[in-house]
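# Fold and contact review
What follows is the residue order along each chain.
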Amino acid sequence: MSLELVIGNKNYSSWSLRGWLLVELSGAAYQETLVPLFRADTHARLLEHSPTGKVPVLKTEDAGVIWDSLAIAEYLAERFPEAGLWPRDVAARAMARSACAEMHSGFGALRSHMPMDMQRNAPLASVTDEVKHDIQRIVALWAGCRERFGQGGPYLFGQLSIADAYFAPVASRLRSYGVQLPADAAAYVETIFQWPAFQRWHQAALEEKT
């Protein structure tokens, strides 16, 4: 099985981080191709890999090109079932999928006003009500997952899952922008920062020339 993951800058590309963590979770061998973002030729170079000109993109032998992060997650979960990317419990799996779908399509204010920048270490001068609402919802969502299904370990559903890959960029944002969090949410952010795969990405992002 040959896999190639196409990503953007590690400091800025939150969706690339999700895709990368998903492949890491699967345990599959893969080749990483990084296309620098925000350059004159970026879109043209990405179109060589993806029909949308966006990242992440997973190139596979059996399924061709997969250009959406949720589709990448489902492909890897099906292709590598032994990795347990989704929770095995039916109710937990349904909640994990719901949380990922909400992250996939929501939290627009947070995305706009607090873009991922792992090299940043400073709060915003002011935070809009919309951003505060997004943060409150994320904190509540994390708490709900942990309360119902997370008692077997430190992650949202106890053990590492697709849901943690999906919310890792949010954890990064909350720390980069110095957001004050309730103790349980702060503990989860620390859990993400202690995840060895995330640490490797984070270190590469800190060293990246932007």
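Residues numbered from 1 in each chain as written. Predicted model: local features only at pLDDT ≥ 70, side-chain atom pairs only at ≥ 80, totals over all residues. Heavy atoms only, no water.

### Here's the deal with the overall build of the protein chain
Defined as follows: Only runs of H or I of at least four residues qualify as helices and only runs of E of at least two qualify as strands under DSSP, and these elements are numbered from the N terminus. Radius of gyration here is computed from C-alpha atoms only, and the compact-globule reference equals 2.2 Å multiplied by the residue count raised to the power 0.38. For the exposure calls, accessible area comes from a 1.4 Å probe over protein chains only, and a residue counts as buried if that area is under 20% of its type's maximum, exposed if over 50%, partly exposed in between. Whether two residues touch is decided by their heavy atoms; if any such pair falls within 4.5 Å, the residues are in contact. Computed by Shrake-Rupley with a 1.4 Å probe, the accessible areas treat only the displayed protein chains as cover when residues are assessed. Just so you know, the count uses Lys and Arg for positive and Asp and Glu for negative, and it drops His and the chain ends. The atoms used to mark charge sites are NZ of Lys, CZ of Arg, CG of Asp and CD of Glu.
Secondary structure assignment for the protein chain yields nine helices and four strands. Secondary structure of the protein chain in N-to-C order comes out as β-α-β-α-β-β-α-α-α-α-α-α-α. The C-alpha atoms of the protein chain give 17 Å as radius of gyration, which agrees with the globular expectation for 210 residues (17 Å, within 12%). Seen along its three principal axes, the alpha-carbon backbone of the protein chain occupies a region of about 45 × 40 × 25 Å. In the protein chain, which comprises 210 residues, the share counted as buried stands at 50%. For the protein chain, long-range pairs separated by at least 24 residues make up 67% of all intrachain contacts whose partners lie at least 6 apart in sequence. When the accessible surface of the protein chain is totalled, it reaches about 9,800 Å², and 52% of it is carbon and sulfur. In the protein chain, 20 side chains carry a positive charge and 23 a negative one; their mean positions are 2 Å apart.

### Details of the domain arrangement of the protein chain
This is how it is decided: Those domain boundaries reflect an automatic or database domain assignment. By definition, the buried area sums, over both parts, the 1.4 Å-probe accessible area that each loses when the two are put together. Salt bridge, as applied in this entry: a Lys or Arg side-chain nitrogen positioned within 4 Å of an Asp or Glu carboxyl oxygen. Within 3.5 Å is the distance limit for a polar contact, defined as a pair of N or O atoms, with the added protein rule that one can donate a hydrogen and the other accept it, and that residues adjacent in sequence qualify only through two side-chain atoms.
On domain assignment, one finds that the protein chain holds domain 1 (3-83) and domain 2 (90-199). Relative placement of domain 1 and domain 2: their C-alpha centres are 21 Å apart. Contact with domain 1, which involves 19 residues of that partner, is made by 21 residues of domain 2. It is N11, R18 and L21 that lose the most area in domain 1 upon contact with domain 2, and together they represent 33% of the buried surface on that side. Here domain 1 is connected to domain 2 by one salt bridge. The salt bridge involving R97 is made with E74; its shortest N-O contact spans 3.0 Å. Our count for the domain 1 to domain 2 interface comes out at eight residue pairs in polar contact (both at pLDDT 80 or more). If you list the elements that add at least two residues to the side of domain 1 that touches domain 2, you get α1 (14-26) and α3 (69-79).

### Points about the pattern of salt bridges
In the structure shown here, the tally under the stated rule is seven salt bridges. Between E24 and R200 there is a salt bridge, with its nearest N and O atoms 2.4 Å apart. In this pair, E24 sits in helix α1 while R200 sits in helix α9 (residues 196-207), placing the two residues 176 residues apart along the sequence. Relative accessible area serves as the criterion here: at 25%, E24 is assigned to the partly exposed category.

### Brief notes about the nonpolar core
Operational definition: We call a set of buried Ala, Val, Leu, Ile, Met, Phe, Trp, Tyr and Cys residues a nonpolar core when their side-chain atoms join them within 4.5 Å.
Counting 63 residues, the largest nonpolar core has L58, L76, W142, F157, I162, F167 and W195 as its most contacted members. When residues of this core are sorted by domain, at least three fall in each of domain 1 (3-83) and domain 2 (90-199). In contact with L76, other than residues within four places in its own chain, are L3, L22, V23, S26, L58 and L85. With six residues, the next largest nonpolar core counts V35, L37, L46 and V55 among its residues.

### Points about unusual backbone geometry
Between V55 and the following residue, P56, the backbone shows a cis peptide bond with an omega angle of 5 degrees. Among the structural elements, P56 can be located in the loop between α2 (42-47) and β3 (57-60). The backbone phi angle of F38 is positive, close to 65 degrees, even though this residue is not glycine. As for its position among the elements, F38 is in the loop between β2 (31-34) and α2. The exposure class assigned to F38 is exposed, which follows from its relative accessible area of 67%. The backbone phi angle of F107 is positive, close to 60 degrees, even though this residue is not glycine. For F107, the location among the structural elements is in the loop between α4 (90-105) and α5 (108-113).

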